[in-house]
Amino acid sequence: MPLHYNDCSFAYRAGTPVLDRLTMELPRGCTVLLGPNGAGKSTLLSLGASSLTPVSGRVTLGGLDSVRRKDRRAFRQKVGWLPQEVKAIPALTVREQAAYVGWLKGLSKREAWDRSAGALERVRLTELGGRKSHELSGGQMRRLGIAQTLVHQAEVVLLDEPTAGLDPVQRGVFRDLLAELSEAVHFVVSTHQTEDLADIYETVIVFDRGRPVFRGPVNEFFATAPAGTPYERRAESAYRGLVRGEA
């Protein structure tokens with residue numbers, strides 16, 4: 001089921017709205033969300049994960065409404081959230097941390113513990129399950145963050161800059177993992193990186209000033225680049241053209 005934003009507005013304190021009566025849908029499959037700093041991408045995903053609440057409007061998944069109190073637990077079980085920084089929980093092992101997050105999402109302790117093993121296996125962290133989570137590398141912590149969303153069997157997983165700060169090898173491992181998992185889970189990934197879009201994603205959304213300025217398949221996104229653009233520069237050129245056009 002796609003995630004819907006229905007006439008959503010949000011502002012931090014009494015400032016200018018970051019989102020103003022936004023209505024849009026985050027599609028199924030694997031979607032990349034591009035946009036400059038301050039465009040509203042992190043706010044959009046935080047609202048989708050219900051870690052922020054819209055000032056007005058609704059975020060819905062199927063019949064579940066993130067704002068409606070009686071729906072909130074079920075909504076959060078179906079939507080996974082990986083913020084920019086995945087933090088280790090002091091004193092917990094990798095498996096204990098994955099299980100703990102599952103318990104916070106409403107699973108019983110036994111169910112969370114049992115599911116944590118499968119979640120770690122899917123992100124290739126089984127051998128590190130007994131290690132303290134604060135001992136993991138940056139790339140391993142991001143993989144643990146994905147495992148935390150898989151424990152409670154989320155249908156939609158939102159990732160905010162998941163490869164920021166990772167070296168090229170770690171980014172490659174993470175991209176391969178997303179490509180593998182996207183066969184069963186819908187991902188929305190916010191990033192500044194335009195490499196390898198065609199290898200992972202089905203849909204591109206370019207977000208600027210709180211609004212989508214482009215949404216469509218990867219090949220249509222590439223087609224917005226000027227004629228004659230070198231193959232390896234298509235994504236960067238298309239992105240710059242769309243954002244510059246809104247400046």
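Going by the structure above, here's the rest.
So, a few notes on the structure that sits alongside this text.

## Digging into helix H3 (residues 94-104)
Residues of H3 that are buried include every one of Val 94, Gln 97, Ala 98, Ala 99, Val 101 and Gly 102, and no others. Two residues or fewer past H3, Gly 106 is found with a positive phi of approximately 110°.

## Focus on unusual backbone geometry
Phi at Arg 21 takes a positive value of approximately 55°, unusual for a residue other than glycine. Phi is positive for Gln 153, close to 55°, though the residue is something other than glycine. Its location among the elements puts Gln 153 in the loop between helix H5 (138-151) and strand E7 (156-160).

## Regarding the sheet that holds E7
The strand order across the open sheet formed by six strands is E6-E7-E8-E3-E9-E10, and the pairing between neighbours is mixed. Both outer strands of the open sheet, strand E6 (79-82) and strand E10 (211-217), are each paired with one neighbouring strand and no more. With direction set aside, neighbouring strand axes in the sheet form an average angle of 15°. For strand E3 (residues 30-34) and strand E9 (residues 203-208), the ladder comprises four bridges, and the chain directions are parallel.

## Quick look at the packing of aromatic side chains
In the structure shown here, the tally under the stated rule is four aromatic pairs. When the ring of Phe 10 is compared with that of Tyr 12, the centres are 4.8 Å apart and the planes differ by 85°; the resulting orientation is edge-to-face. Residue Tyr 12 is classed as partly exposed on the basis of its relative accessible area, which comes to 45%. Three or more aromatic residues joined by ring pairs form one cluster here, namely Phe 214, Phe 221 and Phe 222. Across from the ring centre of Trp 113, 3.9 Å away, lies the NZ or CZ of Arg 95, which sits over that ring. Above the plane of the ring of Phe 222 lies Arg 234, whose end atom (NZ or CZ) is 3.9 Å from the centre.

## Details of the environment of Ala 179
Mapped onto the secondary structure, Ala 179 falls in helix H6 (residues 168-181). Residue class for Ala 179 comes out partly exposed when judged on its relative accessible area of 27%. Taking the C-alpha atoms as reference points, Ala 179 and Leu 159, separated by 20 residues in sequence, lie 14 Å from one another.

## Considering the sheet that holds strand E5 (residues 64-65)
Strand order in the open sheet formed by four strands is E2-E1-E4-E5, with antiparallel pairing between adjacent strands. Across the chains shown, the open sheet's two edge strands, defined by having one partner strand only, are strand E2 (19-26) and E5. The pairing of strand E4 (residues 56-61) with E5 spans two bridges and is antiparallel. Opposite Leu 61, over in E5, you have Leu 64 as the bridge partner. Together, strand E1 (3-10), E2 and E4 form the strand contacts of helix H1 (residues 41-48), whose direction differs from that of E1 by roughly 120°.

## Observations concerning the pattern of salt bridges
One pass over the structure, following the stated rule, counts 12 salt bridges. The residue Arg 110 makes a salt bridge to Asp 114 at a minimum N-O spacing of 3.6 Å. Here Arg 110 pairs with Asp 114, and both are found in helix H4 (residues 109-122), just four residues apart, close to one helical turn. A salt bridge links Arg 240 to Glu 236; the shortest N-O distance between them is 3.2 Å.

## A look at the nonpolar core
By size, the foremost hydrophobic cluster in this structure holds 47 residues, and its most contacted members are Ile 146, Phe 187, Leu 197 and Phe 221. Take this core: its biggest share by element is six residues, from H5. Apart from residues no more than four positions distant in its own chain, Leu 197 is found in contact with Val 32, Leu 34, Val 204, Val 218, Phe 221, Phe 222 and Ala 235. With 23 residues, the next largest nonpolar core counts Leu 3, Cys 8, Phe 10 and Leu 47 among its residues.

Thresholds, definitions, all that
Residue positions are given per chain, counted from 1 along the sequence in the order it is written. Thresholds applied to this predicted model are a pLDDT of at least 70 for local features of residues and 80 or more for the giving and counting of side-chain atom pairs; totals over whole chains, interfaces and linings are not thresholded and use all residues. Each side-chain value is worked out from all heavy atoms of the structure, with water and hydrogens disregarded. Each residue's exposure class comes from its accessible area (1.4 Å probe, protein chains only) as a fraction of the maximum for that residue type: buried when under 20%, exposed when over 50%, partly exposed otherwise. Only DSSP runs of H or I covering at least 4 residues are called helices, and only runs of E covering at least 2 are called strands; the numbering of each starts at the N terminus. Pairing between strands is defined by DSSP: at least two bridges between the two strands are required. Where helices are involved, their axes are fitted lines through C-alpha atoms of the stretch in contact, as for all axes, and angles between N-to-C directions lie from 0 to 180°. Any two of the Phe, Tyr and Trp rings considered here, Trp counted by its six-membered ring, make a pair once their centres fall within 6.5 Å; the pair's planes then place it as stacked at under 30 degrees, edge-to-face at over 60, or tilted in between. Our definition puts a charge over a ring when NZ of Lys or CZ of Arg is within 6 Å of the ring centre and also within 35 degrees of the ring normal. Residue contacts are defined here by distance: any two heavy atoms, one from each residue, within 4.5 Å place the two residues in contact. The term salt bridge refers to a pairing of a side-chain nitrogen on Lys or Arg with a carboxyl oxygen on Asp or Glu at a separation within 4 Å. Among buried residues, those of type Ala, Val, Leu, Ile, Met, Phe, Trp, Tyr and Cys that are joined through side-chain atoms within 4.5 Å constitute a nonpolar core.

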